[in-house]
Structure formats: C-alpha cells, structure tokens
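One letter stands for each residue in the lines below.
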Amino acid sequence: MRLLPAWLRASPRLWSGVALLGLVPLITRDAYVLQVLSLAMIWAIFASSWNLAVGYAGLKTFGHQAFFGIGAYVSALSAMHGGLSPWVTMWFGAVAAAVVGALVCLPLLRIRSLPHLAIVTLAFAEIVRILCSNLVDLTRGELGLAGIPPFTPLSVPGLGLVSFGPADRASTFVLIWSCLAASLAFLGWLVRSRTGLIIQAIRDSQVAAESLGVSLTRYKLFTLTISAFLAGAVGAVYAHFVLVLTPTSALGIALMVQMTAITLVGGIGTLQGPLIGSLVLTVSAEGLRMAGDHRMLAFGVLIVLVVLFAPRGLARLDLLFGRPSQAAGAAR
Amino acid sequence: MMTPMFLWEQVLNGLIAGSMYALMATGLSLIWGTMRVLNFAHGEFFMLGAFFALTAFELLELPLAPAIAVALLGVFLAAVLVHRVTVAPLMRQRGWDFSTIAATLGVSIVLQDIALMTWGERFQSLPYFVEGIVHVAGVRLPAQRVLILLAVIIVVAGLVTLLRFTRFGMAIRAVASDPEAASACGINTPAIHAATFGIAAMLAALAGIILAPIIAINPWMGVPPILKAFVVVVLGGLGSLPGAVIGGYLLGIIEALGVAAFSSEWREAVALTVLIIVIWLRPQGLFGQRIREA
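Peer 1: In this structure, what is going on with the interface of chain B and chain A? I would like to understand it.
Peer 2: Interface extent is often summarised as the accessible area lost during association of the parts. Contacts between chain B and chain A engage 45 residues on the former and 46 residues on the latter. Summing the contributions of chain B and of chain A, the shared interface buries around 3900 Å²; its carbon and sulfur component is 81%. A per-residue breakdown of the area chain B buries against chain A is headed by F98, I279 and W280 of chain B, which together make up 16% of the total. For the pair chain B and chain A, the interface holds zero salt bridges. Here chain B is connected to chain A by one residue pair in polar contact (both at pLDDT 80 or more). Put simply, the parts of the chain that give the side of chain B that touches chain A at least two residues each are α3 (64–90), α4 (96–119), α9 (223–236) and α11 (267–281) of chain B. If one sorts the elements of the side of chain B that touches chain A by residue count, α4 of chain B sits on top with 13 residues. Looking at the side of chain B that touches chain A residue by residue, the class counts come to 32 nonpolar, six polar and seven charged.

Okay, here's the thing in structure tokens:
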C-alpha cells in the first residue's frame with residue numbers, strides 16, 4: 001500500500017467504485033446502458049469542475065455552463081472548419097474556457113459578496129448563450145450545430161485500430177471513463193496538495209487565510225482557471241460524443257440546474273460527491289423518462305429537499321460510505 | 001435613423017420597459033434588504049401572477065379588476081408558502097446564504113414545471129385593460145403602455161408610503177436593520193419576513209399581470225425579467241429601494257437605445273453587459289452601501 005500515492009490511499013471507496021465502473025463494458029455491451037453511463041460520467045466530470053470552485057474554494061458561481069459550452073463549441077468548430085482531429089481541438093476548447101474563466105474572474109476578485117458573485121457569473125453565462133444563439137452564421141444558433149466529427153480512430157497496441165463513432169459505444173465508454181479517472185485523480189491530488197489546502201482555507205475564512213499571508217487573488221484566479229479548463233475539456237468531449245450542439249443544450253440554465261442538483265445530491269465539497277450524484281440522478285432520470293419528461297421537476301425538487309434535509313449530500317451519509325469526509329466545512 | 005424624435009420615442013419605450021424592471025427589482029431588493037436572501041424564484045411569481053389573472057379572468061369569468069385582485073392574493077399566499085417551506089427553515093441552518101439561493105433556484109424550476117403541467121406550453125394572452133392611443137409629448141403610444149407607466153409610479157409611491165409612515169412599514173425597516181434588536185422589541189420577525197416575501201412577490205406578480213396583454217403568457221416568461229431584475233439590483237445597489245427604481249428606469253432606457261443602435265435580439269446582451277461594466281467600475285452600484293463580506 002505504501003507504494004500507492006497518498007491521494008489514492010485517501011479514498012479507497014471512491015477508487016474501487018471508479019474501477020468497478022470501468023469494468024462495465026466487460027459485463028454488458030448494451031448500447032443504451034453504455035450511452036447512459038457515458039453521459040453520467042460526463043456530467044460527473046462537469047459537476048466535479050464546479051465542485052472545485054464552489055465546494056472547495058467557496059466561489060459560489062452559477063456560470064459554469066458557459067465554460068462547458070465554450071469548450072464544446074470551440075472544439076467542435078475548430079474540428080469542423082480547421083480539419084483538425086478532435087484529440088487536438090479538445091485542448092483548444094479547454095484552453096479557451098480557461099482563458100475566459102480567468103477573464104471572468106478578474107472583476108470578481110474584488111467582490112466578496114455572495115449574491116453579486118452569483119448574479120455576475122449567471123449573467124456572464126447568459127451573455128455567452130445569447131452570443132452563441134445570435135451568431136447564426138458561425139454556430140447555426142438554435143437550429144443546432146450538426147456534423148461534428150467524433151474522436152478519430154486511435155491505434156492501440158494489441159487491439160489494433162479503435163474507433164469512437166456513434167456505433168462504438170464500448171470504446172467511447174472507455175475513453176470517457178479514462179477522462180473521469182484522470183480528472184478525479186488530478187482533483188484528488190490537487191485538494192490534498194498544499195495549494196488545495198490553501199484553497200479550502202480561503203473557503204473556510206477569507207479573512208483568516210489573508211491574515212496568514214495567502215494571496216486571495218492568486219489562488220482564486222488559479223482555482224477558477226483550472227475549474228474552467230476542466231469544464232471546457234469535458235464540454236469538448238461531450239461535443240464529440242453527442243455530435244450535435246445547441247445553445248440551450250450546451251449553454252443553457254437547465255445545464256446549471258442539473259449540475260447543481262448532481263453536486264448537492266452527491267455531496268458538495270467531496271471528491272466522490274459529483275460522481276455519486278451523477279450516477280444516481282442520471283440513472284433515475286432515465287427511469288423517470290418512462291413516466292413522462294419531468295426531469296427538470298425532479299431536479300428542482302431534489303435541490304430543495306437536499307438543502308433542507310441533507311445538506312451534506314449522499315457522499316456523507318456515514319451508513320453508505322463509512323467515515324465522513326474531512327471537508328466538513330463545505331456547506332458554508 | 002437616429003432622429004431626435006426617434007430617440008425620444010425610444011426613451012419613452014425604455015421608460016415603460018424600465019418601470020417593469022423597477023417593479024421586479026424593488027421586490028428583489030426588498031427581500032434582500034429584509035432577510036439577506038437572493039430570491040432566484042422571483043421571476044416565477046411574475047409568471048404565476050399572469051397565469052392566475054388569466055385563470056381568474058377566463059375560467060372564473062371575473063371582471064378584470066377582481067380577477068387581478070384574486071391573482072395578487074393568490075401569489076401572495078403562494079409566496080408565503082414558499083417562504084414558510086424553504087427559506088424560513090433554511091435561515092435557521094448554517095450556510096444559509098448559499099442554501100437559500102440553491103433552494104429558490106430549485107423552487108423556480110418546480111414552479112415552471114407546475115405551470116407547464118397546469119396551463120400547458122401554449123402561449124396565451126390577456127386582453128388589453130384599456131383600448132386606444134394616447135399622445136405623449138408628440139409620440140403616439142397605446143394606452144395600455146401608458147397605464148403600465150402610471151401603475152408602477154402609483155405602486156412604488158404606495159410602497160414607499162407603507163415603509164415610511166405605517167407601523168407595519170416601520171417594523172419591516174426595523175427587521176431589516178437589525179433582526180435581533182427588532183425581535184427584542186416585540187416584533188414578530190418571522191412573520192415580518194413572510195409578509196415581506198409575500199409583498200415582494202405581489203410586486204413581481206403585478207408586473208406580470210400588467211404586461212400580460214403585451215407579452216405571451218407561458219411557463220418560462222419569468223426568466224428574462226429576473227435576469228433584468230438582477231442587473232437592476234446590482235446597478236442600483238442591492239438592498240436599496242431608490243436604487244432599484246432608478247436603476248430600473250435607467251436600464252430600460254439604456255436597453256431601448258441599445259436595441260435602436262444594434263437590433264432587438266441583442267436586447268438581453270445589452271442589459272447583461274451593463275451589469276459586467278457596473279461590476280468592474282462600481283461593484284456597490286449607484287446607491288449601494290459598501291459590499292458585505294460573504
């Protein structure tokens with residue numbers, strides 16, 4: 001065990017869960033199951049990026065759907081018009097989101113008031129959505145951007161050429177699972193690192209952190225940039241997975257509501273929370289779809305119920321997941 | 001064509017749109033000022049007001065004035081219920097500044113879906129309250145739009161009178177400035193919070209009702225107004241009533257001129273850009289106090 005890095009030893013349940021999830025394609029090749037779980041993992045990565053800003057750094061933003069959408073559109077458009085492989089363009093999307101994230105952060109650095117932060121980030125995301133739906137020549141607006149190329153086939157030693165088209169659900173599942181594992185490993189390492197501890201100290205008390213010589217500006221800027229980068233990267237993966245984008249589906253407020261529900265239900269400020277929330281919500285939403293499309297209603301009700309009765313979320317129900325996580329101050 | 005006459009017409013239109021923003025923002029600011037809660041469900045009270053009035057008018061076949069009264073009362077009760085079930089219990093918990101935002105966001109989604117199930121997604125409309133055309137300083141305006149302008153001025157004046165000169169209004173202001181001291185003086189703080197929430201929701205509902213003849217009534221009609229109201233409260237200073245009113249009219253005019261300069265699909269973007277600029281240059285807004293630590 002000593003050989004394993006600390007972040008891996010810290011949450012054995014999470015990593016066994018992630019490993020089990022990776023075995024799913026060995027058990028079933030059912031396209032529908034793999035499709036639903038792939039989407040759930042995309043939402044889990046997206047919610048994790050938001051969780052880093054909100055749950056760990058206490059930056060209560062409501063505009064992460066903009067980073068997701070920027071990543072998705074930048075990657076899709078540069079792959080379509082630039083003729084580049086999505087393996088390359090997804091990093092364009094991530095970097096574009098990170099740059100925009102840093103720019104948005106600048107005016108927010110001076111503000112410590114929570115409602116102002118919430119309003120400005122939401123307004124910024126709406127500006128991006130309006131831009132996207134009005135620039136019809138570029139994005140085709142609400143008609144939807146179709147014809148996005150999937151990830152190009154990859155030559156894997158031992159397996160030959162592996163393609164990731166709409167028919168190859170199993171390989172796409174493994175691709176997205178790898179993104180999930182990489183993101184969670186990175187976040188798990190980050191939140192336990194010195195930087196991560198400083199970020200959590202800022203969440204717990206900006207004044208205390210500042211008085212100990214922490215540069216609030218630097219660490220807030222760092223957190224939001226990293227968080228936006230991750231959201232943009234997963235947005236790009238989403239674009240090359242679903243192959244159609246509309247401003248509503250990739251940038252809309254509904255996306256933010258879904259992400260909020262996922263994070264709160266799973267447990268805000270925990271590493272495993274977004275993944276648990278996403279699996280529970282996405283799978284049960286598929287079940288609900290049989291009973292009419294009231295997914296949003298379910299998300300709304302869940303958000304209200306969770307903040308009222310279980311503000312720590314599923315991840316910290318001790319019965320299910322053992323000892324409570326150390327990030328106890330996250331709800332603040 | 002940016003002739004002076006055209007500009008003047010745009011300014012008048014801006015004032016009319018702005019009066020609706022002022023009404024929405026006043027309610028939002030009242031709730032923030034009294035209980036430090038940012039109400040994400042405020043737009044849905046705007047929507048409920050319009051639907052309640054429509055139902056009272058068409059289904060119950062009430063005359064217009066009683067229909068409006070019934071709708072306002074209905075929204076008041078709905079808002080008190082929302083406050084009682086979500087905001088009030090959360091305010092007794094830790095971390096309520098964020099949890100109330102999340103909860104009201106959830107409530108807004110729930111109310112949209114309830115409206116969708118109850119009234120469907122068909123766009124509907126109320127008849128004009130008044131017919132005819134009025135000439136205002138050389139510009140021809142439908143009487144309904146002038147009515148909106150007048151109604152908002154009267155309501156805001158009434159609200160100011162209520163807050164300034166009645167015992168109830170003094171109790172609201174006492175709770176706003178120090179809830180604990182107000183409780184110690186025998187004011188029932190939870191009841192004042194509930195009533196304030198209800199009154200603020202009625203202001204939003206009134207905006208929805210008087211706009212109902214002009215815009216389409218649908219379950220999602222509350223989303224653009226609350227975004228505008230957010231812009232206005234930041235512009236005017238969160239918690240400041242004069243800020244909400246003046247900010248509302250100001251935003252209405254800026255938007256109208258922006259639409260004249262670009263085109264109408266950029267209306268929302270103009271408003272939201274104003275917000276970003278205000279946050280850059282003067283985060284506390286025009287009339288705001290220094291911004292509190294979150």
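Peer 1: Sorry if this is basic, but what is going on with the pairing of strand β1 (residues 133–136) of chain B here?
Peer 2: Moving residue by residue along a regular strand, the side chains alternate between the two faces of the sheet. Residues and elements named next belong to chain B. For β1 and strand β2 (residues 139–142), the ladder comprises four bridges, and the chain directions are antiparallel. Residue pairing for β2: V134 is matched across the bridge by L141. Hairpin connection, β1 to β2: the antiparallel pair is bridged by two residues, and A137 has positive phi, about 45 degrees.

Peer 1: Teacher, can you tell me more about the packing of helix α5 (residues 143–165) of chain B against helix α6 (residues 167–177) of chain B here?
Peer 2: A pair of packed helices is captured by two measures, namely the crossing angle of their axes and the spacing between those axes. Residue and element names in this part refer to chain B. Taken N-terminus to C-terminus, the directions of α5 and α6 make an angle of 80 degrees; their axes are 5 Å apart at the nearest point. Relative to α6, α5 is oriented roughly perpendicular. Contacts between α5 and α6 involve L162, L163, R164 and F165 from the former and R167, F168, G169, M170, I172 and R173 from the latter. Of the residues that constitute the contact of α5 with α6, the class distribution is six nonpolar, one polar and three charged.

Calculation notes
Residues numbered from 1 in each chain as written. Chains lettered and ligands numbered in written order. Predicted model: local features only at pLDDT ≥ 70, side-chain atom pairs only at ≥ 80, totals over all residues. Heavy atoms only, no water. Contact = heavy atoms within 4.5 Å. Buried area = accessible area lost by both parts, 1.4 Å probe. Salt bridge = Lys/Arg side-chain N within 4 Å of Asp/Glu carboxyl O. Polar contact = N/O pair within 3.5 Å; in protein donor to acceptor, adjacent residues only side chain to side chain. Helix = DSSP H or I, 4+ residues; strand = E, 2+ residues; numbered from the N terminus. Nonpolar A, V, L, I, M, F, W, Y, C, P; charged D, E, K, R; others polar. Pairing = 2+ DSSP bridges. Axes fitted to C-alpha atoms, helices over the stretch in contact; angles between N-to-C directions. Parallel < 35°, antiparallel > 145°, perpendicular 65-115°, else oblique.

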